[in-house]
Each structure stands twice: as structure tokens, then as C-alpha cells.
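Listed below are the residues making up each chain.
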Amino acid sequence: MKLTKHLTGVVIASTCLCAPALAQTRLTMWYHGAGNEVESRILNQIISDFNTSQSDWTVTIESFPEKSYNDSVAAAALAGNLPDILDVDGPVMPNWAWAGYLQPLPIDESEFADFLPGTKGVWDGKLYSVGLWDAAVALFARQSTLDELGLRKPTLDKPWSREEFTAALDAAKASGKYEFALDLGMNDQAEWYSYAFSPFLQSFGGDIVDRSTYKTAEGALNGEAAQAFGKWWQSLFSGGYAPGTSEDPADQQTGFIGGKFAFQWNGNWRAVATMEAVDDVVFLPAPDFGAGNKIGAGSWQFGVSAKSKHPEGAAEFIKFAAQDKYLAAFSDGIGLIPPTPSAAQMTKNYSGGPLAVFFDLSKAQALVRPVTPGYVVQAKVFTKALADIANGADVADTLDAAVDEIDADIESNSGYGHR
Amino acid sequence: MAVNPDNYGLRLFVRYLVLCLIALIFIFPLVFMINSSFKPDSQLLADTSSLRAFLPVGDISLNNYFGAFRRAPVGLFVLNSVLVTGTTVLLSLLICSLAAFSFAFLRWKGRDVLLSIVIATLIIPFETIAIPLLLLVSKLPWIGLDGLHWGWLNTYRVQIVPWIADGLTIFLFVQYFKALPGELIEASRVEGANWWQVYYRVVMPLSGPVLATAAILKFLVMYNQYLWPLIVVQQESYRPVMVGLGYFFQLNVAWGEVMAYLTLITVPVLIFYLLLQRAFIASIASTGVKG
């Protein structure tokens, strides 16, 4: 009898103790960072904190290699196997929203009022995704190089003009100290071209697509400004200022550090390693080619899958993850830009630290890539056109062909939903 | 015509020299991979412009291997690939040889037409059927210990079953079986053997070379699988080695760890080849088929 009482007590107690865990609804989440130890550690910590902070939801994560993540998501969408929470690259978000992979975030946009614009994924007037960091590109240089070549240090308020930038490249080339004046990372023909180089085109006054309608690239990618950009772009390679498309893949990691290049166009994810190797490295703003100085914006963001049966739970997690302490943790861990000024203040590199310049660059110069579902195709067309021009193709013909290809894609997709 | 021994020796020397040079071209990437797997990234990248890239010199350590195991569950990926590949190879040898036996020795209506259709599947790229196949396997039923399930995604069987039978393997067996002496089969039948006994007591014991060829070809196809597991497996616990390679390509690529991972996943391939080396070379001589 006594034993029975004890057993009954144990069963009741364990049932009561387990009750909150049993009541938790499981949310699945997919993430692009498999193999990234630092990101995984921070994200797992956030998930662990979230799961213990409340009794309604429990999040489980499945990480994928970044290079194949989008393909995995597309296949899962076809098979009706999407998770609740999806990680999505900023410029790809409109495509996933349009294709029905994502649903609008059930969170008031005002909750992210102080986030950098590039970290918010808005499509068709609705907020679909929010990023826990942003990335920025800058012109890496040595202060000693600027001094030796007699070059003015450009600032956000007074960036180099086209003439000053050309003069800087000429001076570096004439010095004979460098194999090339400029490293652009030309071997990486994935999305790097549209992210890193379309801001040059935009600074000339052109664009990948006409953003006023998103229904054509005519005029934007082959107009006068784009032609001028194309000729300038080609001159970088024909003039021997930068290595072409067969550039050594290692150059982005070692070329500038090893003194092979005077300047390097690179992202802030390489900034920490470069600072460790180069004492007097300076991160310069993009040159102004006439229509303002621009850099790309928009990195990985979290959204809610259209198939999720628990969007309110997924939204709870995204709000939880968007706390300043986690934004700061990501920034300290991987060097990327925290989305809010308050989070920046909590970081070691952005609260007046050596990378603070990237926050300012992102705030002042950043322009998101074309916000259209067609971007995924347009980026590939743009990449091919720039590679062809770098390899000596006729500028006007190449840009016209790119416009035709982009317009045909927009037409075959009935305008991608742009009204 | 008399052979000048001196000229013969010289010709032999030149021939071997040329063959050795060609062999070096094939071996260099492997030597580079293995040597680089022991070097830190800075040295690895600096060495690429010199012959040092092919030599185990400088700061040599196992750090890249430790790093590779920290970054990804390498053992799990290799185990998954070996399991999927091994099972598929064994089932493929059985099913395809049985099918080929039927095509080669049995007389049945529509045999030649069906064989033509099977061979015609060789010209269809897998990419063209990947999506329909994905939709199919995502709806297939399966009865497990915990009852009936719908959908095969995130399993070993989805990586195995669609790859068991293929036109090339059946064709290889058919060609080999047709070259076997017909008297052997007839004699077995006269002695009272049924077709099953002819298959496993007469034909299969004579089929070592084609079994080795088919096994190696299937092994290479399965071990190098990328697209199919990428779209049907979302859980890390079922991922094979080629999808796992993606873990090493971050914004800052750890090249030394990439080389260490590649070296590790090459080991099962080399072991498999060495085990079947003699039979494979014999099969090249007898079937004319190379991997």
C-alpha cells in the first residue's frame, strides 16, 4: 500500500513536472550556416534561451550548407516539406514571398523601427523577414599607401570622385610596387558580382532593372549611364588595373594582405582578419561616379514559412532573437554589422571600434538590391554580362543582350506580380 | 625483321618515361590534396605558386583534420555514404544481373523491345527526372515499426531504392552474359538444372569481371551523389559526404580543412578500388568498359 502511494506520488509529480514540456508546440527552423561554428554556437544559444524562456514553443534547428541551401528549400517547397521558420537571403526574399514559400511576418513593423533598412525584408508593402545583421563592402587600403602615393583619404561626406579614384589606381600602377592596383574578387562569380559591383553601376546612374516599374531593364542596364559604367568597367581589365575572371580564388584572402594589390574591394567579413595582418589598414567609402556613392545591403534574414501552422510561434521566436544582446553577440562573433545603434553600442568592434566605419557606410551608402522576385535571374544575367565585358566583349551589345534576357524573363513570369 | 636490342631498350625507356609523365599529371592533384591537408591556410595558399605545393614541407600538422571534425560530423557523413553506397551496389548487382539473365537467356514476348527501352534510358539525364521523382518519393507509403507513413524524404531508402536498377548496369551484364559459352548453359539445362540454379551455380561464378566493373561504376556514381540527396534529405543525420563538403565553404574558406575533408572522404574510394583492382583490370580487358 505504501509502495503504491509512493508510486502514485512519483507518477503525479513527474506528470506535473513534464506538463510544460509536453505542452510546448514544436517549431522547426532551417538555417543556412552549417559548418560555421561561431554562428551555430550563437544561434543554438538563442534557441536554448527561447525554449526555456516560455512554455508554449520549442524550436528545433536543421542547418544546411550555404551553397546549396536555396536549392534545398526550393525542393522542400515542391515536396510540401517546408519548416516553420526559414532563413532567407535578403535579395532572394521577394522571390520566395512571390513563389509562396513565405508568409508576411505577423509582427508590427514598428518593432523593428531602429533596424538598418537593409536588414528588413519588405515585399509588396509587407514585412516578410528580419535580419540579425547586415554586411557592407568597402575599399580596403593601407594608410601608408595613401601617404606614399600622395592620395587624399576619402570620407563619407567627401568620397573620391571618379577622377580621383582613377588617379589613385594610376598612381598605384605607376609605382610599380603592386602586381595590380585593385582586387575586385573576380573569380567569385556567384552573387558577389551583383552585390559588390551593381553599386558601381548605380553610382553611374544606371541599375540592373528599372526600379520604378520592375517590368523592364531597358534604359537602366543599357542606357547612357550603364554604357559609361560598362566602358569604365572594361577599362579596369584592359588597362591592367585589376585581374580578370581567372583571378586566383585565394586573392581575396591573401592578395591585399600580401601586398599584391594596393586596394581591395571587399566585405566586412574579411575586415577582422585583415586588421590582424595589416596594422594601418583603412576602410574607405565607395567612390562617387556621379550619382552618389553606393554599396550593397541586405544579408540573411528570418521569415515564416507559408506552410507553417504556427506563424505566431515562429514570430515569437524571431522577436526573441532580435534582442540587442543577440544582435551584439552575432556581431562580436562574426564581425558583421549589428542592425541597431543600441546593439552596436554593445559590441566591441562597432561602439567606436575599428569596424564602426562599416556601420556608418551601411547607414549612409547602402542600397538594397532590386526588390523583385526576378532578382534571382537578373543577378545571374548581370554577372554574366560583367564577366563578358571584363573579358573584352562589346559593351553595348552585351548590355543590350542582358536587357533582352531580363525582359524576356520578366515577361515569361507575367511581370512577377508587380502592378 | 631483327630487333636491335639497344633500340628496343631505348624505345622501352622512352615509352615508360612518357607513361610516367602522364601518370604524374593524374597523381599531382592527389599529392597536392594530401600535402595541403597538413598545412596551415597561409602556407597552403603561399605554396600554390611553387613546387612546394606538392611537398610535405613547412609547418606540417594534423590541425586541419581536427578542424574538419569540429566543423562537420565527418564520420557520420562517411558512414552514411558507405551505407547507402554499399547497400545500393549489392542490391544493384543482384537485381540488374537477374534482369540481364532474363534478357540474355530466357525467351519471352517483348524481350527485345523492353531491352531497347532499358538501354534507351541511358540517354536520359538524371536532372530531367529529378523533380518528378522527388514528387513521387515524397508521397510514397512506408510501413515501419510505428505504423504507416507517407513520404520517403529524410531516409536512407530514398537515397537507395531509386538507384538500384539502371540501364548501364543491366546492359553491361547482358553483354557479358551473351559472350559466355552457350554450351555451358545448355549442358546445365540438360543435366536438369532449373534457371535459378543456372543463374547462381553457372553464370554468376563466371561473372567476376563484370561484377567488379558494375560494382565500381555503381560505387562511383553513388559515392559521388550530390543533387539527389540535396533535394530529398533535409536532416543532417542522413547527409552523405558530397553534400557535407558544403560545410567547409564559408565566406572565409578554410582551405586546409577542405583538403583534410577531401582526403578523408577519398579513403573509402581507394580502399574499394584496391579491393577490386585485379577484377576491374580484367574486366577492362574482357568488356572494354572503363570507369
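In this text, all values refer to a predicted model and were calculated from it rather than measured experimentally.

### Things to note about the overall build of chain A
Along its length, chain A carries 16 helices and 13 strands. Taken over the C-alpha trace, chain A has a radius of gyration of 24 Å; the compact-globule value for 419 residues is 22 Å, and the two agree within 12%. Reported as C-alpha extents along the three principal axes, the dimensions of chain A are approximately 95 × 50 × 35 Å. Partitioning the contacts of chain A with sequence separation of at least 6, the portion at a separation of at least 24 is 74%.

### Details of the interface of chain B and chain A
Taken residue by residue, the interface counts 27 residues in chain B and 24 residues in chain A. In total, chain B and chain A occlude about 2,200 Å² of area from one another, counting both sides; carbon and sulfur atoms represent 58% of this. Across the chain B-chain A interface, the total number found is 1 salt bridge. A salt bridge links R70(B) to E37(A); the shortest N-O distance between them is 3.9 Å. Along the contact surface separating chain B from chain A lie 8 residue pairs in polar contact (both at pLDDT 80 or more). Only α3 (63-71), α6 (126-137) and α12 (227-232) of chain B provide two or more residues apiece to the side of chain B that touches chain A. Broken down by class, the residue content of the side of chain B that touches chain A amounts to 14 nonpolar, 8 polar and 5 charged.

### Thoughts on the sheet that holds strand β7 (residues 137-142) of chain A
Residue and element names in this part refer to chain A. Here we have 4 strands laid out as an open sheet, ordered β8-β9-β7-β10, and mixed in their pairing. Edge positions in the sheet fall to β8 (180-183) and β10 (281-284), since each has one partner strand and no second. With direction set aside, neighbouring strand axes in the sheet form an average angle of 20 degrees. In terms of strand pairing, β8 meets strand β9 (residues 261-267) through 3 bridges, oriented parallel. Within β9, the position partnered with D183 by the bridge is Q264. Contacts from helix α6 (residues 162-175) reach β7, β8 and β9 within the one sheet, and its direction differs from that of β8 by about 130 degrees. Its contacts with the sheet place helix α14 (residues 356-365) against β7 and β10, and it is angled at close to 140 degrees to β7.

### As for the environment of A401(A)
As for its position among the elements, A401(A) is in helix α16 (residues 395-412). Distance in space between the C-alpha atoms of A401(A) and A172(A) is 34 Å, their sequence separation being 229 residues.

### A short note on the packing of aromatic side chains
Overall, the coordinates contain 59 aromatic pairs over all chains when judged by the stated rule. Positioned above the aromatic ring of F256(A), the side-chain terminus of R142(A) is 4.7 Å from the ring centre. The lysine or arginine in question, R239(B), covers the ring of F64(A), its NZ or CZ lying 4.8 Å from the ring centre.

### Digging into the packing of helix α8 (residues 167-179) of chain B against helix α11 (residues 208-223) of chain B
Residues and elements named next belong to chain B. Across the interface, α8 lies against α11 with an axial gap of 10 Å and an inter-helix angle of 170 degrees. Accordingly, the angle class assigned to the pair α8 and α11 is roughly antiparallel. Across from L168, T169, L172, F173 and Y176 in α8, the residues of α11 making contact are P209, V210, L211, T213, A214, L217 and K218. Looking at side-chain class alone, the contact of α8 with α11 contains 9 nonpolar, 2 polar and 1 charged residues.

### As for the pairing of β9(A)
Residue and element names in this part refer to chain A. Extensive coverage of β9 is indicated by the burial of 7 of its 7 residues. Bridge count between β7 and β9: 4 bridges; the pairing is antiparallel. Its bridge partner lying in β9, L139 is registered against W265.

### Examining the UniProt feature "transmembrane region" (unreviewed entry) in chain B
Residues and elements named next belong to chain B. Residues annotated by UniProt as "transmembrane region" (unreviewed entry) correspond here to residues 12-34, 82-106, 113-136, 156-177, 198-221 and 258-276. A helix fraction of 68% and a strand fraction of 0% characterise residues 156-177, whose end C-alpha atoms lie 32 Å from each other. Summarising residues 198-221: 83% helix, 0% strand, and an end-to-end C-alpha distance of 30 Å.

### With respect to the domain arrangement of chain A
Where interface size is given, it is often the accessible area lost as the parts come together that is meant. All names here are of chain A. Domain annotation of chain A identifies domain 1 (18-135 + 298-368) and domain 2 (137-295 + 374-417). The C-alpha-based centres of domain 1 and domain 2 are spaced at 28 Å. Taken together, the contact pairs 25 residues of domain 1 with 24 residues of domain 2. Between domain 1 and domain 2 lies a buried interface of about 2,000 Å² when both sides are counted; carbon and sulfur atoms form 65% of it.

### Describing the side chain of S331(A)
Residue and element names in this part refer to chain A. Here S331 is to be found in helix α12 (residues 324-334). According to the relative accessible area criterion, S331 is buried, its value standing at 1%. For S331, the contacting residues outside a window of four places in its chain are L336, P338, T347 and Y350.

### Quick word on the nonpolar core
Grouped burial of nonpolar side chains is what soluble globular proteins tend to show. In this structure, L184(A), F197(A), W233(A), F263(A), W265(A) and F358(A) are the most contacted members of the largest nonpolar core, which totals 131 residues. Residues contacting L184(A), with those up to four places away along its chain left out, are W192(A), F197(A), F200(A), W233(A), L236(A), F237(A), A242(A), Q252(A) and W265(A). Listed in part, the 55 residues of the second largest apolar core include A72(B), F101(B), L180(B) and Y247(B).

### Points about the UniProt feature "domain: ABC transmembrane type-1" (unreviewed entry) in chain B
Taking the numbering used here, the UniProt-annotated feature "domain: ABC transmembrane type-1" (unreviewed entry) corresponds to residues 78-276 of chain B. Between the end C-alpha atoms of residues 78-276 of chain B there is a gap of 20 Å, over a span that is 67% helix and 4% strand.

### Brief notes about the packing of helix α7 (residues 192-204) of chain A against helix α15 (residues 375-390) of chain A
Residues and elements named next belong to chain A. Contact geometry of α7 with α15 gives a least axis separation of 10 Å together with a crossing angle of 70 degrees. Accordingly, the angle class assigned to the pair α7 and α15 is roughly perpendicular. Contacts between α7 and α15 involve Y193, S194, Y195, F197, S198 and L201 on the former and, on the latter, Y375, A379, F382, T383, L386 and A387. Tallied by class, residues from the contact of α7 with α15 come to 9 nonpolar, 3 polar and no charged.

Cut-offs applied
Each chain carries its own residue numbering, running from 1 in the written order of its sequence. To label them, take the chains in the order written and letter them from A, then take the ligands in the order written and number them from 1. It should be noted that, the model being predicted, local features are given only for residues of pLDDT at least 70 and side-chain atom pairs only at 80 or more, the latter also being counted only at that level, while totals for whole chains, interfaces and linings use all residues. Side-chain measures were taken over the full set of non-hydrogen atoms in the model, leaving aside hydrogen atoms and water. Secondary structure elements are defined from DSSP: runs of H or I of at least 4 residues count as helices, runs of E of at least 2 residues count as strands, and each element is numbered from the N terminus. Radius of gyration means the value over C-alpha atoms here, while the globule rule gives 2.2 Å times the residue count to the 0.38 power. In this description, contact between two residues means that some pair of their heavy atoms is separated by no more than 4.5 Å. We define buried area as the total accessible area lost by two parts upon association, computed with a 1.4 Å probe and summed across both. What counts as a salt bridge is simple: a side-chain nitrogen of Lys or Arg found within 4 Å of a carboxyl oxygen of Asp or Glu. The definition of a polar contact used here is a pair of N or O atoms within 3.5 Å, where within protein one atom must be able to donate a hydrogen and the other to accept one, and adjacent residues in sequence count solely through side-chain atom pairs. Put simply, Ala, Val, Leu, Ile, Met, Phe, Trp, Tyr, Cys and Pro go in the nonpolar bin, Asp, Glu, Lys and Arg in the charged bin, and everything else, Gly too, in the polar bin. The criterion for strand pairing is that DSSP finds at least two bridges linking the strands in question. Between N-to-C directions, angles span 0 to 180 degrees; the directions come from axes that are lines fitted to C-alpha atoms, helices contributing only their stretch in contact. Two aromatic rings from Phe, Tyr or Trp, using only the six-membered ring of Trp, form a pair when their centres are within 6.5 Å; if the ring planes differ by under 30 degrees the pair is stacked, by over 60 it is edge-to-face, and anything between is tilted. Both a distance and an angle decide whether a charge sits over a ring: NZ of Lys or CZ of Arg must be within 6 Å of the ring centre and within 35 degrees of the ring normal. Comment on the angle field: the value is read as roughly parallel under 35 degrees, roughly antiparallel over 145, roughly perpendicular from 65 to 115, and oblique elsewhere. For every residue, the accessible area (1.4 Å probe, protein chains only) is compared with the maximum for its type, and the residue is labelled buried under 20%, exposed over 50%, or partly exposed between those bounds. UniProt positions are given in the numbering used here, feature names are shortened, and annotations may be inferred rather than shown by experiment. Where each domain starts and ends comes from a domain assignment, either automatic or drawn from a database. By nonpolar core is meant a set of buried Ala, Val, Leu, Ile, Met, Phe, Trp, Tyr and Cys residues that side-chain atoms within 4.5 Å join together.

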